[in-house]
Number of protein chains: 2
Amino acid sequence: MNDKILIVGAGAIGGFYGGLLAKAGADVSVVCRSDYDIVKRQGFLIDSYSLGRWHFQPRQVLRDASEYQDEADYLILCSKVTSDVDRVAMVRAGLSQHSTIVFIQNGVEIETELQQAFPEHELISGLAFVCCNRLQAGAIHHLAYGKLTLGNLPKGVSAKTRQLQALFLAAGIECLLSEDIVTSRWQKCVWNAPFNPLSVLSGGLPTLAILQNQEHLVRRIMQEVCDIAAGCGHPLPESIIENNIQSTYAMPPYKTSMLLDFERQHSMEIEAILGNALRAAQRQGVATPTLEAMYALMKLRELQIQLNRQEKC
Amino acid sequence: MNDKILIVGAGAIGGFYGGLLAKAGADVSVVCRSDYDIVKRQGFLIDSYSLGRWHFQPRQVLRDASEYQDEADYLILCSKVTSDVDRVAMVRAGLSQHSTIVFIQNGVEIETELQQAFPEHELISGLAFVCCNRLQAGAIHHLAYGKLTLGNLPKGVSAKTRQLQALFLAAGIECLLSEDIVTSRWQKCVWNAPFNPLSVLSGGLPTLAILQNQEHLVRRIMQEVCDIAAGCGHPLPESIIENNIQSTYAMPPYKTSMLLDFERQHSMEIEAILGNALRAAQRQGVATPTLEAMYALMKLRELQIQLNRQEKC
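Residues numbered from 1 in each chain as written. Chains lettered and ligands numbered in written order. Predicted model: local features only at pLDDT ≥ 70, side-chain atom pairs only at ≥ 80, totals over all residues. Heavy atoms only, no water.

Chemist: I tried to follow the packing of aromatic side chains on my own but got confused; where do I start?
Modeler: Any pair of aromatic rings gets described here by the distance separating the centres and the angle formed by the planes. Residue and element names in this part refer to chain B. With the rule as written, the count across this model stands at twelve aromatic pairs over all chains. Seen from their ring centres, Phe 44 and Phe 56 are 5.5 Å apart, and the 15° between their planes marks the pair as stacked. One end of the pair, Phe 44, is in strand β3 (residues 44–48); the other, Phe 56, is in strand β4 (residues 52–56), with twelve residues separating them in the sequence. Pair check on accessibility: Phe 44 and Phe 56 agree, each one buried. (Phe/Tyr/Trp six-rings, centres within 6.5 Å; stacked < 30°, edge-to-face > 60°. Helix = DSSP H or I, 4+ residues; strand = E, 2+ residues; numbered from the N terminus. Buried < 20%, exposed > 50% of the residue type's maximum accessible area, 1.4 Å probe, protein only.)

Given below as structure tokens:
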């Protein structure tokens, strides 16, 4: 019997990974609010740089997870992690007793609220390294990368996680397993914490230009993230900063998700990436002056977005 | 006999203070490059919020200080302090043996290159707290404030400095004397170091919004400037941070000079205000992580301006 999957928050990322799971034979439904009408009528058209073009018609297209007419084996949350999104409520609405909760989202310590709200459910934490854009309603462009990393909370890898991996692999996308996904999240934060805010604060410079001109600042932020992770009991490999620096030099010019959100004047994942890291630092008594400055500046940029919105009203 | 004054770098600030000195009866000539033609023909029209409107016709209008047909009692340098301005060369071109060099400019430790280049000349360091805009060629709008502080280098107040003060006072502008102008410069930096970069990095927020939302960050930068000043042997009064915070809350919404330069995509005084402070910190072994982050981010914004210029070429 095919796995029943409910994607909650089917924007570019959710639509893309949902489309891959459907390709692999799963029974995939989606909750999507803003593009509901078109997706209900036409599904998604996905255009991938590496996997070709395909049409993804979800089994059910829903405005709200509570309308789901089935019991999900996997409920996969793909929304952004911002203050205007109630992740717990979104998950609760679509959950059955045996559903495994998966979240493919950015940030550190974002699992806590889900662990607390759903202590009886299996939880899979997922990290995506992917560039996907929503071109228009129901149309997704997969521009680069695509790799997923999955792991159970608080640790380990379950049979259901392996089964989910198998689906992604069958669809042709790289999918790794992590026995310690919390540490993996901190590892990803080593890259996100400098480049996401710096791309916005620099006025939209690509990662390479940031690195070529302010490598010292990038390294300093990376070091602070490593210090926090170690303080939280998740020491990162010693080589991680060097590896991130070298691989970013090798990357093609890349616009971070925070920069894309900022350019569209959307909510940015400031709390998920920076705020949560800083709260962890405070809890553990780790000094993070540079990260604090980035966070404060990003809060000012967020304020600027809010003021711009009010002006338009 | 009237004082002979040569204003070098007669933009909005130089034109305004030159116009005041002429009003007070001094014999004022100007070096102004970009607006030479119009100023030569028509002089300056100055429109002040507090002192009315007046026409300022300089005695000589020059493209270069070397063309000055007289011997200046005061050579007053009013250019911006940026890497594309050779202050020493600008001063040298117009200098006579008995000329006192005055500079009315932003930044800390900007006196060093002038002291080294002109060890035989009296040097007056001047700080302006003023909002002046160039509306168009030859037209200056004085929007707010106007206060000057003058003092000799390395310390003290000379008769010539008192004489210059008398001229400004006669013209109706507030002018204070400082027995320790180097310390006064650090005091001004306590305000400039946070608000100039933050106004740019926040995306153009006025000082009040910055303060209301990130007072902690502002205080931290101010504290780092106080630490540097103390490390350099210029301890600032304990109340200075509190006073700056309170007076900024009381100020009308204010666009910093760095924000105005940024909006016009002009060179910004990043080195004069931040770079010099950081080099002093390094020299004295003072920790300044927040200021370093501001500096690094401003260098990225400067790079962005340069890239924009290249695109236009």
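Okay, back to it.
Chemist: Sorry if this is basic, but what is going on with the interface of chain B and chain A here?
Modeler: A common way to express how large an interface is: the accessible area buried when the components associate. Counting residues at the interface gives 26 residues for chain B, matched by 27 residues for chain A. Carbon and sulfur atoms supply 67% of the area that chain B and chain A bury against each other, a total of about 2,100 Å² over both sides. Joining chain B to chain A, the criterion identifies two salt bridges. Arg 220 of chain B is the salt-bridge partner of Glu 292 of chain A, the closest N and O atoms lying 2.8 Å from each other. Across the contact surface, chain B and chain A share six residue pairs in polar contact (both at pLDDT 80 or more). Put simply, the parts of the chain that give the side of chain B that touches chain A at least two residues each are α6 (181–201), α7 (207–231) and α11 (289–312) of chain B. By residue number, the principal contributor to the side of chain B that touches chain A is α11 of chain B, which donates 13 residues. Classifying every residue of the side of chain B that touches chain A by side-chain character gives 15 nonpolar, seven polar and four charged. (Contact = heavy atoms within 4.5 Å. Buried area = accessible area lost by both parts, 1.4 Å probe. Salt bridge = Lys/Arg side-chain N within 4 Å of Asp/Glu carboxyl O. Polar contact = N/O pair within 3.5 Å; in protein donor to acceptor, adjacent residues only side chain to side chain. Nonpolar A, V, L, I, M, F, W, Y, C, P; charged D, E, K, R; others polar.)

Chemist: Would you take a moment to explain the relation of the copies chain B and chain A for this structure?
Modeler: Expressed as a screw operation, the relation of chain B to chain A combines 0.0 Å of axial shift with a rotation of 180°, fitting to an RMSD of 0.0 Å. Viewed as a symmetry operation, the transformation between the two copies matches a two-fold axis. (Least-squares fit on C-alpha atoms with pLDDT ≥ 70 in both.)

Chemist: How should I be thinking about the environment of Val 30 of chain A in this particular structure?
Modeler: Residues and elements named next belong to chain A. In this structure, Val 30 sits in strand β2 (residues 27–31). Judged by relative accessible area, which is 0%, Val 30 ranks as buried. Along the chain, Val 30 and Arg 59 lie 29 residues apart, while their C-alpha atoms are 7.9 Å from each other. If we skip the residues at most four places from it in the chain, Val 30 touches Leu 6, Ile 7, Ala 10, Val 39, Phe 44, Phe 56, Pro 58, Gln 60, Val 61 and Leu 62.

Chemist: What is the right way to read the pairing of strand β8 (residues 123–136) of chain A from this model?
Modeler: Walk down a regular strand and you will see the side chains alternate between the two sheet faces. All names here are of chain A. Within β8, ten of the 14 residues are buried, which leaves it mostly tucked inside the rest of the structure. Bridge count between strand β7 (residues 100–104) and β8: four bridges; the pairing is parallel. Paired with Phe 103 across the bridge in β8 is Ser 125. Direction of pairing for β8 relative to strand β9 (residues 139–152): antiparallel, over a ladder of twelve bridges. By the bridge assignment, Val 130 is partnered in β9 with Tyr 145. Hairpin connection, β8 to β9: the antiparallel pair is bridged by two residues, and Gly 138 has positive phi, about 80°. (Pairing = 2+ DSSP bridges.)

Chemist: What exactly am I supposed to notice about the pattern of salt bridges here?
Modeler: Pairing between side chains of opposite charge can happen when their charged atoms approach one another. Tallied over the entire structure, the rule returns 34 salt bridges over all chains. A salt bridge links Asp 64 of chain B to Arg 33 of chain B; the nearest nitrogen and oxygen atoms lie 3.8 Å apart. Placement of the pair is Asp 64 of chain B in the loop between β5 (61–62) and β6 (74–77) and Arg 33 of chain B in the loop between β2 (27–31) and α2 (36–42), with a sequence separation of 31 residues. Linked through salt bridges whose partners overlap, the residues forming this network are Glu 271, Arg 279, Lys 299 and Glu 302 of chain A.

The values reported here are purely geometric and, on their own, carry no functional implication.
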